[in-house]
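# A closer look at the structure
As a plain string of letters, each chain reads:
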Amino acid sequence: MSAAVPRIEAAGDLAAQALLGALLWEPSRIRDVSDWLEPADFEHWAHRAIYQTLTGLVADGRPVALQDLPGILARGEYHDAHVDSTGIGPLSASALHTLLAMTPATPDRAHRDQGGTARSEHVRYARIVLDDSVRRQVAAAGTRIEQLGRTAAEYDVQHGVDAMIPTLSGVRDALERLGGRVAQAHSDGVSIVDALSGSRQIGELTQPRELAAGASAVDAPRAAAAPSSAEIERAERALVGACLVSSEVRSAAAEWLRPEDFASADAAQTWRVVLDMTQRGDPVDFVLVAVEVETARAVAQVADLEPAGFDPPTLHRLAERGDRLAGHRAAEVIGRAALQRLTHRVRTELDGIAGDRAVGTRVLLQNAQQTVNAVQRTSQRLSGQSAPSIAAAMFTTPAGAPAPAAAAVPPPRLSSTAQCPAPNQQRRIDSQQRRR
């Protein structure tokens with residue numbers, strides 16, 4: 001049997017050990033970092049327990065005596081980590097002595113200023129620990145947002161977003177708190193990366209509540225599962241077909257759906273053409289849309305881009321099958337799927353932001369905040385809770401002209417099936433209206 005490969009310590013691990021060793025050598029240094037460095041910023045549970053004990057002793061006004069510390073750690077007076085009853089392990093006396101030996105800030109190794117006074121770099125070590133904590137928390141925030149998006153996709157868009165918004169707001173607030181701690185940590189200096197890049201962090205991100213436990217999702221209508229790729233494809237085709245024959249569906253969908261909300265490139269390009277024609281005030285039918293799409297495909301080929309958009313026979317078939325109620329239901333499916341893709345993309349972006357070591361934590365947090373703000377705005381748009389920016393651009397009237405009437409049809413909801421008549425009933429109503 002081959003021996004296990006030993007774990008290679010990262011620079012952040014060395015910084016955490018060096019920091020604790022420096023604090024053990026001189027407990028008065030704890031006050032230099034305790035205002036902005038928290039126990040949760042340490043990745044290793046034993047380091048968290050030791051730091052929590054050190055800061056707890058100082059806060060209680062108790063002396064930090066090295067000979068008493070193993071007993072205090074063993075009793076768990078300031079932490080709830082497991083302590084080995086045999087007297088060995090990462091909280092034992094021997095482990096503390098290892099930390100003392102690990103730090104360059106020992107009396108015989110410490111840098112000395114011009115006056116000969118020993119100088120410790122414990123503040124720099126603490127900044128490194130905090131910076132690594134920020135990166136872990138930003139990456140964890142992306143994972144939690146993606147998990148929340150998968151759960152939200154099982155509900156109708158409005159209720160899914162209603163439950164997501166508090167969590168997204170909590171993440172944004174946590175990023176702002178982290179930013180405050182980072183700014184305080186670097187108030188008298190800059191980090192290594194900041195110095196190199198010329199480049200601002202958050203409190204610990206809280207775990208989001210489960211969607212089903214959220215107040216807005218208790219009575220939410222729930223679909224069987226998040227839409228599959230086949231369901232999404234059918235929904236996108238059904239929506240395009242409905243919009244080709246129904247100005248009502250077209251106006252409602254134009255209020256909140258954008259081309260990037262579509263999974264299919266052909267559907268996205270066709271929807272872009274429909275939006276452009278609506279903005280210009282042109283009539284919309286499958287013939288006119290087919291001409292516009294064909295022109296757009298030709299332009300893309302000239303520009304060496306991948307042409308996209310439904311071909312004329314497909315548009316003809318979709319228009320023949322176009323149905324108003326089916327269009328509303330399809331729009332709801334598209335919104336749910338777009339919400340799930342959005343949160344997955346946010347997770348990928350936050351992972352990339354957290355892993356970019358060329359960017360300091362101050363800039364990192366600014367980028368993370370912008371990403372979270374963007375996903376919150378998009379989520380609100382998909383649920384119809386924000387100002388309809390697309391429709392506002394489409395239906396902007398010249399100065400002095402009367403404002404256009406608001407769309408009479410709200411953004412589609414899964415629950416709309418309970419409010420709209422059944423297809424057979426609708427056909428009877430339409431037949432009676434034609435006879436009149």
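Every value quoted in this text rests on a predicted model; they were computed, and no experiment measured them. Residue positions are given per chain, counting from 1 as you read along its sequence in written order. Thresholds applied to this predicted model are a pLDDT of at least 70 for local features of residues and 80 or more for the giving and counting of side-chain atom pairs; totals over whole chains, interfaces and linings are not thresholded and use all residues. Side-chain metrics rest on all non-hydrogen atoms present in the structure, leaving aside hydrogens and water.

Attention shifts here to the overall build of the protein. For the purposes of this entry, the term helix denotes a DSSP run of H or I that reaches at least four residues, the term strand denotes a run of E that reaches at least two, and both are numbered from the N terminus. Check the secondary structure of the protein and you find 18 helices and 2 strands. What sets the accessible areas is the Shrake-Rupley method with a 1.4 Å probe; for residues, cover comes only from the shown protein chains. In the form shown here, the protein has an accessible surface area of approximately 22,100 Å², with 52% of it arising from carbon and sulfur atoms.

All right, on to the packing of aromatic side chains then. Between rings of Phe, Tyr and Trp, where Trp is taken as its six-membered ring, a pair exists when centres lie within 6.5 Å; planes separated by under 30 degrees are stacked, by over 60 edge-to-face, and by other angles tilted. Counted according to the given criterion, the structure contains 2 aromatic pairs. With centroids separated by 5.9 Å and ring planes inclined at 40°, the aromatic side chains of Phe262 and Trp271 adopt a geometry described as tilted. Accessibility classification places Phe262 together with Trp271 in one group, the buried group. Three exposure classes are used, based on accessible area relative to the maximum for each residue type with a 1.4 Å probe and protein chains only: buried under 20%, partly exposed in between, and exposed over 50%.

Contact geometry for helix α1 (residues 11-25) and helix α5 (residues 93-102): axes closest at 7 Å, N-to-C directions at 100°. Compared by their axis directions, α1 and α5 come out roughly perpendicular. Within the contact between the two elements, α1 uses Leu14, Gln17, Leu20, Gly21, Leu24 and Trp25 and α5 uses Leu96, Leu99, Leu100 and Met102. Lines are fitted to the C-alpha atoms to define the axes, a helix being fitted only along its stretch in contact, and any angle between axes, read from their N-to-C directions, falls within 0 to 180 degrees. Each angle is binned into one of four classes, with values under 35 degrees roughly parallel, values over 145 roughly antiparallel, values of 65 to 115 roughly perpendicular, and all other values oblique. Any two residues whose heavy atoms approach within 4.5 Å are treated as being in contact.

In this structure, Leu23 sits in helix α1. Placed 99 residues apart in sequence, Leu23 and His122 show a C-alpha to C-alpha distance of 7.5 Å. In this view, Leu23 contacts Arg29, Ile30, Tyr51 and Leu54; residues no more than four positions away in its chain are not counted.

Whenever a carboxyl oxygen of Asp or Glu lies within 4 Å of a side-chain nitrogen of Lys or Arg, that contact is scored as a salt bridge. In total, this model carries 15 salt bridges according to the counting rule given. Through salt bridges that share partners, Glu146, Arg150, Arg347 and Asp351 make up one connected network.

Before going further, it helps to examine a nonpolar patch on the surface. Judged by side-chain polarity, Val287, Leu288 and Val291 come together as a nonpolar surface patch covering roughly 230 Å² of accessible area. Tracing the backbone through its elements, the reader meets Leu288 in helix α12 (residues 286-302). Residue Leu288 is classed as partly exposed on the basis of its relative accessible area, which comes to 34%. Patch membership is restricted to residues that have no salt bridge and whose relative accessible area is over 30%. Joining uses 9 Å for like charges and 5 Å for the nonpolar side chains Val, Leu, Ile, Met, Phe, Trp and Tyr.

Attention now moves to the side chain of Glu236. Positionally, Glu236 belongs in helix α9 (residues 229-245). The sign given to each residue is positive for Lys and Arg and negative for Asp and Glu; His and the chain ends receive no count. For the buried Glu236, no salt bridge exists, and the shortest N-O distance to an oppositely charged side chain is 4.9 Å, to Arg341. For Glu236, the side chain forms a polar contact with the main-chain nitrogen of Ala263, separated by 2.5 Å. Beyond its immediate sequence surroundings of up to four residues, Glu236 is in contact with Phe262, Ala263, Ser264, Ala267 and Ile334. Pairs of N or O atoms are called polar contacts if they sit within 3.5 Å, as long as, within protein, a hydrogen donor faces a hydrogen acceptor (for residues adjacent in sequence, only side-chain-to-side-chain pairs).

Side-chain atoms within 4.5 Å link the members of a nonpolar core, which is a set of buried Ala, Val, Leu, Ile, Met, Phe, Trp, Tyr and Cys residues. Counting residues in each nonpolar core, the largest one holds 93 residues, and the members touching the most others are Leu37, Leu54, Val138, Leu239, Leu257 and Val289. Here this core takes 11 residues from helix α14 (residues 324-355), the largest share from any one element.

Once that is clear, we can look at helix α13 (residues 312-320). Within the span of α13, buried status applies to Thr314, Leu315, Leu318 and Ala319. All buried residues of α13 fall inside an arc of 135° around its axis, so they share one side. The directions from the helix axis to the C-beta atoms are what the arc is built from.

Here the focus is the packing of helix α6 (residues 122-152) against helix α15 (residues 361-382). For the pair α6 and α15, the least separation of the axes is 10 Å and the interaxial angle reads 15°. With respect to each other, α6 and α15 are oriented roughly parallel. Two packed elements cross with a definite hand, and for α6 against α15 that hand is left-handed. Counted together, Asp131, Val134, Arg135, Val138 and Ile145 of α6 and Thr361, Leu364, Leu365, Ala368 and Val372 of α15 form the full contact between these two elements. The class makeup of the residues in the contact of α6 with α15 is 7 nonpolar, 1 polar and 2 charged. Two helices crossing with the near one rotated counterclockwise from the far one by less than a right angle form a left-handed crossing, whereas a clockwise rotation gives a right-handed crossing. Under the grouping applied here, Gly and all other residues not named as nonpolar or charged are polar, the nonpolar ones being Ala, Val, Leu, Ile, Met, Phe, Trp, Tyr, Cys and Pro and the charged ones Asp, Glu, Lys and Arg.

Here we come to unusual backbone geometry. One non-glycine residue with positive phi stands out, namely Asp304, at about 60°. Looking at the element boundaries, Asp304 is found in the loop between α12 and α13.

With that settled, the discussion passes to the confidence of the model for the protein. Regions with low pLDDT should not have their predicted coordinates read in detail. Of all residues in the protein, 74% attain a pLDDT of 70 or more, and the chain-wide mean is 79. Note that residues 190-204 has pLDDT below 50 and, in this model, 58 contacts with residues that lie over four places away or in other chains. In predicted models, pLDDT denotes the confidence assigned by the predictor to each residue on a 0 to 100 scale.

Look at α12: 24 Å from first C-alpha to last across 17 residues, which is about the 24 Å you get at 1.5 Å a residue. Buried within α12 are the following residues: Val289, Ala290, Val293 and Ala300. Across the axial projection of α12, the buried residues extend over an arc of 100°, all falling on one side. Exposed and oriented more than 90 degrees from the buried face of α12 are Glu294, Val299 and Val302. Looking at the buried positions of α12, the neighbouring elements they touch are α9, α11 (265-280) and α13. At the N-terminal end of α12, a side-chain oxygen is found 3.1 Å from the backbone nitrogen of Val287, two or three residues along, and the residue is Asp285. Positive backbone phi, at 60°, marks Asp304, one or two positions downstream of α12. Take the residue count of a helix, subtract one, and multiply by 1.5 Å to get its expected span.

Let us now look at the environment of Thr167. As for its placement among the helices and strands, Thr167 is situated in helix α7 (residues 157-185). On the basis of relative accessibility, which here comes to 14%, the residue Thr167 falls in the buried class. Spatially, the C-alpha atoms of Thr167 and Arg144 are 9.4 Å apart, while their sequence positions differ by 23 residues.

For the rest of this paragraph, the subject is the environment of Gln184. Structurally, Gln184 can be placed in helix α7. For Gln184, a relative accessible area of 37% translates into the label partly exposed. On a C-alpha basis, the gap between Gln184 and Val33 in space is 9.7 Å, while along the polypeptide they are 151 residues apart. Sequence-distant contacts of Gln184, defined by excluding residues within four places in its chain, comprise Asp35 and Trp36.

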